[in-house]
Amino acid sequence: MSKELYIYNSLSRNKDLFQPLNAPHVGLYVCGPTVYANVHLGNCRTFMFFDVVYRYLTHLGYKVRYVRNITDVGHITSTFDDGVDRIGQQARLEQLEPMEIVQKYTNYFHEMMRVFNNHSPSIEPTATGHMIEQIEMIKKILDQGFAYEVNGSIYFDVQAYRAKYPYGELSGRNVEELYENTRTLDGQDEKKFFADFALWKAASPEHIMRWPSPWGEGFPGWHLECSAMSTKYLGEQFDIHGGGMDLKFPHHESEIAQNTACCGKGPVKYWMHSNMLTVNGQKMSKSLGNSFLPHELFAGDHPLLEKGFGPQVVRFFMMQAHYRSTLDFSNEALSAAEKGYERMMAAYMAIEECKPSAQSDADIDALEARCYDAMGDDFNTPILIAELFEAVRLINGCKNGQQALTADQLAQLKKIMTHFLMDVMGLQTPESASNVELPNIMMDAVFEVRKGLKEKKDYATADMLRDAFSSRNIVLKDTKDGGEWTYEKK
RNA sequence: GGUCCUGUGGCCGAGCGGCUAGGCAGAGCUCUGCAAAAGCUUGUACAGCGGUUCGAAUCCGCUCGGGACCUCCA
């Protein structure tokens, strides 16, 4: 059975065989959210996918250190405006302290990660908690001659960097072309070269979030935190760096430049980028106004939604598309995923009901191998799911007595489905995922039936129903509206 | 404008030189008090036009759509 793992590496533009720098240890860094607003569903897709990466590497036996940061320093919204940052802006809007904003939206983020059944990262560092590391890194880059100071701000010197290292390798663009197509430059810009980016920005007097530094009070540039924190927790070189496609340039390109300028080598062996969630073919994003929030999706509480879908259905829906493809949201697709998810889980839970046979012609080993092949081919979860539906057919066939499976094979199917469905893809059965309301809903139906029976004066059947429950330690009590029920403790 | 990605059957979505993807929906059958579930069978497909090849959805070119990045973005 092949358990080789090939990962599409954005840097090499190839599916590269995964070979950790220090097996069995694996360093995984994923750019987390900026907590100035609620995470929307598009954001969640990325975190759900990298959760699967984390889970699968762990399943393969690697000791993974998974670092996912929280960006709680406001990135400046434009190079040219005067230190307006998203968090500060939102703080003014909501009339809260910036750190209250940070806390509020971090809480929502964590809650959604939990609801979607994502594992917590090993370390979840915040940018504000790593000012010292960021300042130290800037000093090193200055010492190496790849940055310069202007009026208390430090800029990365792309020209100096390019003289020694290639710039733009990840995103595949060259600086000359960038220049031709960059929008009109502000004449008052402090930068020596248009492509230079800020490592540290001097804070204007009204800027709220500010920290002392050797260059005066200010705040770090938006690319720096990831470089500083990944280096601190994963070392100067580590295995996998992930994030959304839209972070490739300039964010990840700048990270490479910062790390290389600081430490003389590129930080990451495998760069992974997950594609966007789209709505009517367009990227879901806050600024386009086509995003919606997870809790709106669960409740069906949004103009674009016909009904609500549970977190597990949403997760299954996401898993049915490959992470490097765009995935278009639609009610029809979600509904189809819901049916598929339910069929999958029903079969999973029905394995125990299957009667084993002495003989079988099914090849479960081959099925298992194909599951690993699918995951090993750049985390191809859609293929994995297709293979698991093959398992569903076997299980259902066995339950109907149309497919012979031995006891060992049934156990193996159970193991395969547990591994891939639960452990790797992080799905849950409907029961474990929710639903405390379910018993109440079912009992409502029971009371409805009893009411009908009593109206027809069929008291014998009505009593039979009540006795059937009471023999299972559930007591039914009639009320004028319907009924109540309790467990009878013994 | 530049760079890159993409166009698959009613819908979603894999595949990316020859071999059934899969799910949902549809049709037929089996099972069935009814309904559902499940199983079996089954149709419609690779944007268009050229080219390479024994053979192309898959490679190349052009045309026409769609999108991402180039500014904060998962």
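Analysis parameters
Residues numbered from 1 in each chain as written. Chains lettered and ligands numbered in written order. Predicted model: local features only at pLDDT ≥ 70, side-chain atom pairs only at ≥ 80, totals over all residues. Heavy atoms only, no water. Pairing = 2+ DSSP bridges. Helix = DSSP H or I, 4+ residues; strand = E, 2+ residues; numbered from the N terminus. pLDDT = per-residue confidence, 0-100. Contact = heavy atoms within 4.5 Å. Buried < 20%, exposed > 50% of the residue type's maximum accessible area, 1.4 Å probe, protein only. Right-handed = clockwise from strand over helix to strand, strands pointing away. Domains from an automatic or database assignment. Salt bridge = Lys/Arg side-chain N within 4 Å of Asp/Glu carboxyl O. Core = buried A, V, L, I, M, F, W, Y, C linked by side-chain atoms within 4.5 Å. Phe/Tyr/Trp six-rings, centres within 6.5 Å; stacked < 30°, edge-to-face > 60°. Lys NZ or Arg CZ within 6 Å of the ring centre and 35° of its normal. Axes fitted to C-alpha atoms, helices over the stretch in contact; angles between N-to-C directions. Parallel < 35°, antiparallel > 145°, perpendicular 65-115°, else oblique.

This part covers the sheet that holds strand E12 (residues 282-283). Sheet architecture is open: three strands sit in the order E12-E11-E13, paired in mixed fashion. Either end of the sheet is taken by a strand with one partner, and the two such strands are E12 and strand E13 (327-329).

Before going further, it helps to spend a moment on the confidence of the model for chain A. In this model, chain A carries a mean pLDDT of 90, and residues with pLDDT of at least 70 account for 93%. Per-residue pLDDT stays below 50 along residues 184-188; that stretch engages in four contacts with residues further than four places along the chain or on separate chains.

So, about the pairing of strand E3 (residues 25-30). Along E3, five of the six residues are buried, which leaves the element largely enclosed by surrounding structure. In terms of strand pairing, E3 meets strand E4 (residues 63-68) through six bridges, oriented parallel. Looking at the pairing, Tyr29 lines up with Val67 of E4. Between E3 and its parallel partner E4, the chain crosses via helix H1 (residues 41-59), and the hand of that crossover is right-handed.

Segmentation of chain A into domains returns domain 1 (6-274), domain 2 (308-433) and domain 3 (438-487). Of note, the centres of domain 2 and domain 3, computed from C-alpha atoms alone, are 36 Å apart.

Turning our eyes to something else, we now look at the side chain of Arg450. Relative to the elements of secondary structure, Arg450 occurs in helix H16 (residues 438-455). Arg450 has contacts with Ala462, Asp463, Leu465, Arg466, Leu476 and Asp478, leaving out every residue within four places of it along the chain.

Across all of its chains, the model carries 19 salt bridges by this definition. Across the salt bridge formed by Glu111 and Arg114, the nearest N and O atoms sit 3.0 Å from each other. Remark: Arg114 and Glu111 occur in helix H3 (residues 98-115); sequence separation between them is three residues, near one turn of the helix. A salt bridge links Glu352 to Lys414; the shortest N-O distance between them is 3.2 Å. Residue Glu352 is located in the loop between helix H11 (331-350) and helix H12 (364-376), and its partner Lys414 is located in helix H14 (residues 407-424); the two are separated by 62 residues in the primary sequence. Each of Asp51, Arg55 and Arg315 takes part in a single network of salt bridges with overlapping partners.

To continue, consider the nonpolar core. Generally speaking, a soluble globular protein has its nonpolar side chains buried in company with each other. With 138 residues, the main nonpolar core has Phe156, Phe379, Leu388, Met417 and Phe420 as its most contacted residues. With eleven residues, the top contributor of residues to this core is H1. In contact with Phe420, not counting residues within four places along its chain, are Tyr56, Cys371, Tyr372, Met375, Leu384, Leu388 and Met425. Formed by seven residues, the second largest nonpolar core is a distinct cluster that contains Met443, Val446, Phe447 and Phe469.

A word on the packing of aromatic side chains. One pass over the full model with this rule turns up 23 aromatic pairs. Between Phe18 and Tyr270 the ring centres are 5.2 Å apart and the planes differ by 55°, which places this aromatic pair in the tilted class. Within this pair, whereas Phe18 is found in the loop between strand E2 (14-17) and E3, its partner Tyr270 is found in strand E10 (residues 268-274), the two being separated by 252 residues in sequence. According to the relative accessible area criterion, Phe18 is buried, its value standing at 5%. The rings of Phe146, Phe156, Tyr161, Tyr165, Tyr167 and Phe197 are connected pair by pair, giving a single aromatic cluster. One Lys or Arg, Arg173, reaches over the ring of Phe249 and ends 4.4 Å from the middle of that ring. The ring of Tyr323 carries the charged tip of Arg324 above its face, separated from the ring centre by 5.9 Å.

The N-to-C vectors of H1 and H14 enclose an angle of 140°; their axes lie 9 Å apart at closest approach. Our classification of the angle between H1 and H14 gives oblique. In contact with Val52, Arg55, Tyr56 and His59 of H1, H14 contributes His419, Phe420, Met422, Asp423 and Val424.

Now for unusual backbone geometry. Looking along the chain, the bond that leaves Ala23 and enters Pro24 is cis, with omega of 5°. By the element assignment, Pro24 lies in the loop between E2 and E3. Going from Phe249 to Pro250, the amide bond is cis rather than trans, its omega being 0°. Among the secondary structure elements, Pro250 is positioned in helix H8 (residues 248-263). Of note, the phi angle at Phe379 is positive, near 55°, even though the residue is not glycine.

This brings us to the environment of Gly300. Mapped onto the secondary structure, Gly300 falls in the loop between helix H9 (294-299) and helix H10 (311-319). Placed 82 residues apart in sequence, Gly300 and Gly218 show a C-alpha to C-alpha distance of 43 Å. Once you skip the residues sitting within four places of it in the chain, Gly300 turns out to touch Leu305, Lys307 and Gly308.

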